[in-house]
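Okay, here's what each chain looks like letter by letter:
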Amino acid sequence: MFQTKITEMLGIKYPIIGGTMMWIMTPEFTAAVSNAGGLGILASAMYESREAFAEAVDRVLNLTDKPFAVNINLFPMMRPIDNNEYVDVLIEKGVKIVETSGHSAPADLCVRFKEAGMIWIHKCVGVRYALKVQDMGADIITVVGYENGGATGKLDIGTLVLVPRVAETVKVPLIGGGGVSDARGFLAVLALGAQGVIIGTRLLGTREAPIHENLKKALLQASELDTMLIMRSIGATHRVWANAMANKCAELEAARAGLPEILEIVAGDKARMMYDKGDLDMVIISCGQGVGLAHDIPTVKELFDSIIVQATEIAKRLAGN
Ligand SMILES: Cc1cc2nc3c(=O)[nH]c(=O)nc-3n(C[C@H](O)[C@H](O)[C@H](O)COP(=O)(O)O)c2cc1C
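Throughout, residues of each chain are indexed from 1 in the direction in which the sequence is written. Where local features are concerned, this predicted model is filtered to residues with pLDDT of at least 70; where side-chain atom pairs are given and counted, the filter is 80 or more; whole-chain, interface and lining totals use all residues. Working from all heavy atoms in the structure, the side-chain values ignore hydrogens and water.

Novice: What is the right way to read the side chain of Ser-44 from this model?
Specialist: On the secondary structure map, Ser-44 appears in the loop between strand 2 (40-43) and helix 3 (50-63). When its relative accessible area of 0% is taken as the criterion, Ser-44 is described as buried. When neighbours within four sequence positions are excluded, Ser-44 is seen to be in contact with Phe-53, Val-70, Asn-71, Ile-72, Asn-73 and Tyr-86. In DSSP terms, a helix is any run of H or I states spanning at least four residues, a strand is any run of E spanning at least two, and both are numbered starting from the N terminus. Between buried and exposed lies partly exposed: a residue is buried under 20% and exposed over 50% of the maximum accessible area for its type, with that area taken using a 1.4 Å probe on protein chains only. In this analysis, two residues are considered to be in contact whenever any of their non-hydrogen atoms come within 4.5 Å of each other.

What follows is the structure, encoded as structure tokens:
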């Protein structure tokens, strides 16, 4: 059950994609997601040099013989990134699946993905962006609704409407998500017309997630009310965990603070302080509303297996068996 065009194209056991997560989708965690039957996506933007990135790709290759992908980041970054360097490494190492996410799809890079014969997945938040990248040759489109952890874009369309709208509009296979934390969300997104499901926030509460135990425990206590949107004033809306630093960011925005002041507290590399040291209020962490649906800290394999088993049971119940 649940063999789809996405499992077939990507060569994975379950139609589950582990979302790119900066500082979290390390080689080890990427491999854990792939070894559990999903598709892990290594976040290339974590690596400051071509050499460090090449080593990270080698680590993933050593840790899993299953398919994995690499994310090429198109969001504006504090540190300028030459994505062509990362793509050089992907080609050199024979990486077969690449995901892009962020503002505009990259005309020059996508030509390189195609020439190298890679499967190109682009993640976005609306019909018009999906159509644009389909025209540019994306092989798979991922859409995430407004509930999702991380960038939500400007359109504010929830998963329940976004996924079927994109499914009825595009021709290429679709991965959907935003708020998927368990079997119910998994099955719902497939029912909405996607052939695969992306999960980010729920993976934070797994044993292998490389974040401090304090943070895992705090997220376990969090409910669906404990997220908030920030950075809309600078055109980079993100859904994050509503901790002290996120509230401080919102206050600065309400007071019409300038870009440097806001960037000072949202700078992504500070997130490592929280992930490594467990200091829960010092930095901002992306987090979706699906955090309210996480009630335990399983291994990634336990999580994925239970999603598949329970989704099978729900599908049978719905079919009246
Ligand atoms: C902690 C965290 C960090 C994230 N970092 C990134 C990132 O660097 N790049 C990206 O494209 N998406 C990022 N995302 C979004 C995820 O890849 C995924 O699209 C999203 O989490 C799916 O929605 P969900 O959180 O409701 O499951 C992040 C999400 C979280 C929770």
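Moving on from the coordinates now.
Novice: How do you make sense of helix 10 (residues 213-221) when you look at a structure like this?
Specialist: Of the positions making up helix 10, those classed as buried are Leu-215, Lys-216, Ala-218 and Leu-219. Down the axis of helix 10, the buried set is contained in an arc of 165°. They therefore lie on one face. In this structure, the buried residues of helix 10 make contact with helix 9 (201-204), strand 11 (238-241) and helix 13 (271-277). It is the directions from the helix axis to the C-beta atoms that the arc portrays.

Novice: What exactly am I supposed to notice about the nonpolar core here?
Specialist: Soluble globular proteins tend to bury their nonpolar side chains together. By size, the foremost hydrophobic cluster in this structure holds 83 residues, and its most contacted members are Ile-141, Phe-186 and Leu-203. Ranked by residues supplied to this core, first place goes to helix 14 (residues 300-318) with eight residues. Those residues in contact with Leu-203 that sit more than four places away from it in its chain are Gly-18, Gly-19, Met-21, Met-25, Phe-29, Val-33, Ala-209, Val-300, Leu-303 and Phe-304. The term nonpolar core refers to a set of buried residues drawn from Ala, Val, Leu, Ile, Met, Phe, Trp, Tyr and Cys, joined through side-chain atoms within 4.5 Å. By size, the runner-up hydrophobic cluster in this structure holds 15 residues, among which are Leu-10, Ile-119, Val-125 and Ile-198.

Novice: Even after reading the chapter, I still don't get the sheet that holds strand 2, so can you show me in this structure?
Specialist: For sheets, the rule is that strands pair by backbone hydrogen bonds, running either parallel or antiparallel. Think of it this way: DSSP has to see at least two bridges between two strands before they count as a pair. Across the sheet, eight strands lie side by side as 1-9-8-6-5-4-3-2; this open sheet has parallel pairing. Each of the sheet's edge strands pairs with one partner strand only, and the pair in question is strand 1 (16-18) and strand 2. In this sheet, neighbouring strand axes are inclined to one another by 30° on average, regardless of whether the strands run parallel or antiparallel. Of the strand pairs in this sheet, strand 8 (residues 174-177) and strand 9 (residues 196-199) are connected by three bridges, and their pairing is parallel. Directly across from Gly-176, in strand 9, lies its bridge partner Val-197. Only the stretch in contact is used when fitting a helix axis, every axis being a line fitted to C-alpha atoms; angles between N-to-C directions are given from 0 to 180 degrees. Set on the sheet, helix 7 (residues 159-167) makes contact with strand 6 (140-144) and strand 8; between it and strand 8 the angle comes to about 175°. Each of strand 1, strand 8 and strand 9 is contacted by helix 8 (residues 183-191), which is oriented at about 135° to strand 9, the strand it contacts most.

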